[in-house]
Amino acid sequence: MKRATNHLMKRTAVLLTALAVPSAALAWPWSQDMMNQPSIKPQEGAMTPFPARSIPVMGIPTKVANREESRDLVNPIAVTAASLKKGRNLFRIYCSACHGLTGKADSPVSGKIGAIDLTDDYVQTSMSEGWLWGTITFGSYVMPAYGVPGEQGGSNDLSVEERWHVVNYLKNGLVKETQVAAK
Ligand code: HEC
């Protein structure tokens, strides 16, 4: 009987030691030796400056804070066949679900969410190119943003340039195309 108890105690002691050693080992001074070398650690010292003419990998950031501030922006992208083609593709991918392929708010969900006709005077004449770009960038009341993630439940799926291509298509391609289609 006594022998059995002794044996059990010994086994318990071995088990406890086995459990305790690894956790204590993490705190031993030599466990960080490998890290403390004469090398430059992350965030240590002055950062190497970016090479001249670098641009952020995400493209040129949006410099205006909201749609109001975008109203007078000047469209930097010329209306070329290439730009209209890009704008048309993007329009069909990103805008047509709600505004219709023709822009005339004739998609199956247009009426349900109140998407507007983009071919009428309200958009074609009264809205500045900056305002259109701002609407795509920041979203509108229901419409999501395409230049600012999280804004209006939106994303930054479209780069600055891509949004201008869509503006070019809205103002210079959409209506013409709709007229041709209606003939
Ligand atoms: C999820 C549906 C949806 C998508 C996708 C969408 N829109 Fe809209 N859009 C709306 C709705 C709804 C309105 C009207 C209510 C509002 O202003 O939010 C609107 C309004 C607009 C307006 C008028 C803004 C104003 O000042 O009255 C423009 C311009 C516009 N959209 C352009 C676009 C373009 C360009 C795209 C593609 C990049 C697009 N929309 C994608 C739903 C959408």
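If you're wondering where the values come from, they're calculated on a predicted model, not measured in any experiment.

Regarding the packing of aromatic side chains
Taken as a whole, this structure holds 3 aromatic pairs when the rule is applied. Aromatic side chains phenylalanine 91 and tyrosine 169 sit 5.6 Å apart centroid to centroid with 50° between the ring planes, which places their arrangement in the tilted category. Placement of the pair is phenylalanine 91 in helix α3 (residues 81-99) and tyrosine 169 in helix α7 (residues 160-172), with a sequence separation of 78 residues. The exposure class of phenylalanine 91 is buried, given its relative accessible area of 0%. Using a relative accessible area of 2% as the deciding quantity, one classes tyrosine 169 as buried. Ring geometry for tryptophan 133 versus tryptophan 164: centroids 5.3 Å apart, planes at 15°, classification stacked.

Considering the coordination of the iron atom of the ligand
Around the iron atom of the ligand, the protein supplies His99 (NE2) and Met143 (SD) as donor atoms, at distances of 2.0 to 2.2 Å. We classify histidine 99 as buried; its relative accessible area is 11%.

As for the site of the ligand
For the ligand, the set of nearby residues contains 24 residues, the closest of which are Cys95, Cys98, His99, Ser140 and Met143. The contact in question runs from an oxygen atom of the ligand to an N or O atom on the side chain of arginine 67, over 3.2 Å. With respect to the ligand, the side chain of histidine 99 contributes an N or O atom lying 2.8 Å from a nitrogen atom. Taking a 2 Å distance to the grid points as the criterion, the majority of the atoms of the ligand fall inside the largest pocket. Going through the elements one at a time, α3, α6 (129-138) and α7 are the ones with two or more residues in the shell around the ligand.

Focus: the packing of α6 against α7
It is at 9 Å that the axes of α6 and α7 come closest, and there the two elements cross at 125°. By the angle between their axes, α6 is oblique relative to α7. Where α6 crosses over α7, the handedness of that crossing is right-handed. Between α6, through Glu129, Gly130, Leu132, Trp133, Ile136 and Thr137, and α7, the contact on the second element is made entirely by Val160, Arg163, Trp164, Val166, Val167, Leu170 and Lys171. In the contact of α6 with α7, the residues fall into 8 nonpolar, 2 polar and 3 charged.

Rules used throughout
- Residue positions are given per chain, counting from 1 as you read along its sequence in written order.
- The predicted origin of the model limits local features to residues at a pLDDT of at least 70 and limits the giving and counting of side-chain atom pairs to 80 or more, whereas totals for whole chains, interfaces and linings rest on all residues.
- Excluded from the side-chain calculation are hydrogens and water; included are all heavy atoms of the structure.
- Any two rings among Phe, Tyr and Trp, with Trp reduced to its six-membered ring, count as a pair given centres within 6.5 Å; such a pair is stacked if its planes are under 30 degrees apart, edge-to-face if over 60, and tilted if neither.
- In DSSP terms, a helix is any run of H or I states spanning at least four residues, a strand is any run of E spanning at least two, and both are numbered starting from the N terminus.
- Buried, partly exposed and exposed residues are distinguished by accessible area as a fraction of the type maximum, computed with a 1.4 Å probe on protein chains only: under 20%, between the cut-offs, and over 50%, respectively.
- Each metal's donors comprise the N, O and S atoms found within 2.8 Å of it (within 3.2 Å for Na, K or Ca). Water is not part of the atom list, so some coordination spheres may appear incomplete.
- By convention in this text, a residue qualifies as near a molecule or strand provided that one of its non-hydrogen atoms is within 4 Å of it.
- Side-chain atoms alone can form a polar contact between residues adjacent in sequence; in general such a contact is a pair of N or O atoms within 3.5 Å, and within protein one must be able to donate a hydrogen while the other accepts it.
- Only protein atoms enter the 1 Å grid used here, on which a cavity is any set of points holding a 1.4 Å probe that cannot leave and a pocket is any open set flanked by protein within 12 Å on both sides along at least five of seven lines; residues with an atom within 4 Å of a point are listed as lining.
- Assignment of a molecule to a cavity or pocket requires that more than half of its atoms lie within 2 Å of the corresponding grid points.
- Simply put, an axis is a line fit to the C-alpha atoms, just over the touching stretch for a helix, and the angle between two N-to-C directions goes from 0 to 180 degrees.
- Should an angle lie under 35 degrees it is considered roughly parallel, over 145 roughly antiparallel, and from 65 to 115 roughly perpendicular; all remaining angles are considered oblique.
- Helix crossings fall into two classes, left-handed where the near helix is turned counterclockwise from the far one by less than a right angle and right-handed where it is turned clockwise.
- By the convention used here, residues are in contact when the closest approach between their heavy atoms is within 4.5 Å.
- Charged residues are taken to be Asp, Glu, Lys and Arg, nonpolar residues to be Ala, Val, Leu, Ile, Met, Phe, Trp, Tyr, Cys and Pro, and polar residues to be all remaining types, Gly included.

Such coordinate-based values are descriptive only and should not be taken to indicate function.
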